[in-house]
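The chain contents come next:
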Amino acid sequence: MSLPLQKEITLPNGVKYEQPLGLFINNEFVASKNGATFQTINPATEEVITDLYAADEADVDVAVAAARKAYTQTWKKMSGDDRARLLRKLADLVNEEREVLASIDAADAGKPKATNVENDIEETLSVYYYCSGWADKITGKTVENSPLKFAYTRHEPYGVCGQIIPWNYPLAMAAWKIGPAIATGNVCVLKTSEVTPLSMLYFAKLVKKAGFPPGVINIISGFGKTAGAPLASHKGIDKIAFTGSTATGREIMKMATINLKAVTLECGGKSPSVVFDDCDFEQTVKWALFGIMYNQGQICSATSRIYVQDTIYEKFLEALKKESQTTSHVGDPFDDKVDHGPQVNETQYKKIMSYIEEAKKQGIRLVLGGNSPDKKGYYVEPTIFADVSEDAKIMREEVFGPVVVVSKFSTEEEAIELANNSEYGLGAAIFTENLTKAHRVAAEIESGTVWVNSSNDTDIHLPFGGFKMSGVGTELGEYGINNYTQVKAVHVNMGSRL
Ligand code: ADP
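Source: prediction; values computed, not measured.

Description of the packing of helix α1 (residues 57-73) against helix α7 (residues 224-232)
Then, in step 1: Running from N to C, α1 and α7 cross one another at 45°; their axes reach a closest spacing of 8 Å. Taken together, the axes of α1 and α7 are oblique relative to one another. When you trace α1 past α7, the crossing you get is right-handed. Judged by residue contacts, Glu57, Val60 and Val64 of α1 engage Thr226, Ala227, Pro230 and Leu231 from α7.
Then, in step 2: Here the contact of α1 with α7 is composed, by residue class, of 5 nonpolar, 1 polar and 1 charged.

Right under this line is the structure:
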């Protein structure tokens, strides 16, 4: 029997709702053309939540055609003011439905509901409201050089945007992509991660309810190779925006060459925290821990390498361990006291545990954790390794879990050299009360974001993007808005004669 397009689900906290299972194309939920389906699993219980439809190339074709038609026939004619109103309405509906949306992600992604998904919802709302503010302010410039020429620029949308998101922030990552695209007059086909597809299908219902014309926002579920790749290589897609691993980012960039798509990539990281001995010690310990352990360490800009000045090294390690022991509550994502849930799935869990096992085998000093609690679910304890050498695998590679490596430095020059000793360049945190030093070091760090005296307190009003192998282009802030427009120069001859 074929799968229905919608079904009633009761989540572990008792929330009962209608979960769409189809692909959201043209404001309707539809089955995949070949009937392919897949399952999504609750990582806390290891049980299947539901089966749902999976897109492949044929479905991508339909979604792209729907988006193109919407762009040329309706969306291009909308005013910025109308786009702003629709975005605000969408955000209002997300707010109204926040209990259902947060509960879905707590179950589907294992994110602690009260201490984590609620923040995602707040960020999601902020992004849509922020972008709605831009929608009627997309303007060019007049360029006045000669009285014989009237010239101006227009910031035009690309047209149809393909968007591929990961599983660590299903709602917020989508907002980072849909918000700016829609504000600037583009339409989109967004592919969710096969690991966490459910909340964005529920969100799709709100897209229709908000009054978006059919085809403007399309949301498809499916796998990277069968649904993501056809999107990245589709000739009907004008811009591709991706967040995920660096390996996949490179593939996307290659595929995008088919029609020279505009490309934005947010990829991996191995971001450093640099702790000077003149820092506010207590606050630094808290931020350094938050910077790696929040969201179970599943953050691309997690500050997963901590370099501490040798004068306070052992004291810092002891305090970091104590802070984790007293503040981290590992457990059921639906328990309000829990701030550390399971990793998102078995693959990630096994990958993280293999990094930990290898580090242990190499005799690297284990300060805290290093185990998986003996219970159902893909849980990994907050883990701290110390005295880690620069060439250790766990120092070089992105673990994408609650695992931090700590090592020491003595001078400012050495700290900068160590912080920059990575192929990645997404984020970095500097801790010092000496502001001259903070600005000096911030300028030397090779990364798209530098936090001074905090870590990973991402602000949607600022650009977020990677240097080096961490990405291409930026999202968020005015820069992120501009990344969804292409500039056209219009020259008007005011009397120059040949
Ligand atoms: P992770 O390893 O953290 O899951 P990925 O880069 O594999 O990160 O996945 C991020 C997103 O990219 C997901 O939506 C996934 O389906 C998609 N994806 C994976 N491989 C490809 C690919 N070859 N082409 C396009 N999209 C892909």
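Let's talk about the domain arrangement of the protein
Then, in step 1: Domain parsing of the protein yields domain 1 (6-268 + 472-487) and domain 2 (272-461).
Then, in step 2: Taking only C-alpha atoms, the centre of domain 1 and the centre of domain 2 are 30 Å apart.
Then, in step 3: Contact residues are listed per partner, giving 35 residues for domain 1 and 30 residues for domain 2.
Then, in step 4: For the pair domain 1 and domain 2, the two sides together bury roughly 2700 Å², of which 63% comes from carbon and sulfur.
Then, in step 5: Inspection of the domain 1/domain 2 interface yields 0 salt bridges.
Then, in step 6: Counting across the domain 1 and domain 2 interface gives 11 residue pairs in polar contact (both at pLDDT 80 or more).
Then, in step 7: Sorting the residues of the side of domain 1 that touches domain 2 by element identifies α3 (98-109), α4 (113-135) and α15 (477-482) as the ones contributing at least two each.

Topic: the site of the ligand
Then, in step 1: Taken together, 18 residues surround the ligand, and among them Ile165, Lys191, Glu194, Ser245 and Thr248 come closest.
Then, in step 2: Lys191 is positioned with one of its side-chain polar atoms (N or O) 2.8 Å from an oxygen atom of the ligand.
Then, in step 3: In the model, an oxygen atom of the ligand is placed 2.8 Å from a nitrogen or oxygen of the Ser245 side chain.
Then, in step 4: Here the ligand has 550 Å² of accessible area as a free molecule, and 81% of this is covered by the chains.
Then, in step 5: Residue assignment for the shell around the ligand shows that the elements contributing at least two residues are α7, β12 (239-243) and α8 (246-256).
Then, in step 6: Counted by class, the shell around the ligand contains 8 nonpolar, 8 polar and 2 charged residues.

So, how was this worked out
Residues numbered from 1 in each chain as written. Predicted model: local features only at pLDDT ≥ 70, side-chain atom pairs only at ≥ 80, totals over all residues. Heavy atoms only, no water. Axes fitted to C-alpha atoms, helices over the stretch in contact; angles between N-to-C directions. Helix = DSSP H or I, 4+ residues; strand = E, 2+ residues; numbered from the N terminus. Parallel < 35°, antiparallel > 145°, perpendicular 65-115°, else oblique. Left-handed = near helix turned anticlockwise from the far one by under 90°. Contact = heavy atoms within 4.5 Å. Nonpolar A, V, L, I, M, F, W, Y, C, P; charged D, E, K, R; others polar. Domains from an automatic or database assignment. Buried area = accessible area lost by both parts, 1.4 Å probe. Salt bridge = Lys/Arg side-chain N within 4 Å of Asp/Glu carboxyl O. Polar contact = N/O pair within 3.5 Å; in protein donor to acceptor, adjacent residues only side chain to side chain. Near = heavy atom within 4 Å. Areas by Shrake-Rupley, 256 points an atom, 1.4 Å probe, with all protein chains shown as cover.

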